[in-house]
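One-letter residues, chain by chain:
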Amino acid sequence: METANSSTLKDWIFFFISLVVIIALVIYASEWFWVALPFVLTYLVKACRAI
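No experiment lies behind these values; they were computed from the predicted model shown. (Residues numbered from 1 in each chain as written. Predicted model: local features only at pLDDT ≥ 70, side-chain atom pairs only at ≥ 80, totals over all residues. Heavy atoms only, no water.)

For the coordinates displayed, the defined rule picks out five aromatic pairs. Between tryptophan 32 and tryptophan 34, the ring centres sit 6.0 Å apart and the planes meet at 20°, which makes this aromatic pair stacked. Feature note: the residues Trp12, Phe15 and Phe16 constitute an aromatic cluster, connected by ring pairs. (Phe/Tyr/Trp six-rings, centres within 6.5 Å; stacked < 30°, edge-to-face > 60°.)

For the rest of this paragraph, the subject is the environment of serine 7. Tracing the chain through its elements places serine 7 in helix H1 (residues 2-28). With relative accessibility at 30%, the residue serine 7 sits in the partly exposed group. (Helix = DSSP H or I, 4+ residues; strand = E, 2+ residues; numbered from the N terminus. Buried < 20%, exposed > 50% of the residue type's maximum accessible area, 1.4 Å probe, protein only.)

Structural data, given as structure tokens:
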């Protein structure tokens, strides 16, 4: 059970880091925001345990 919680916590952390990166890209280089999009979506799905 602990490994599942720690991996979920790690996925949430990666999601929020990716979210900050994508927001920064939208603000400063909007034509490049799609580069970070797969990371945000992947870690959101993993953190919500949808897979």
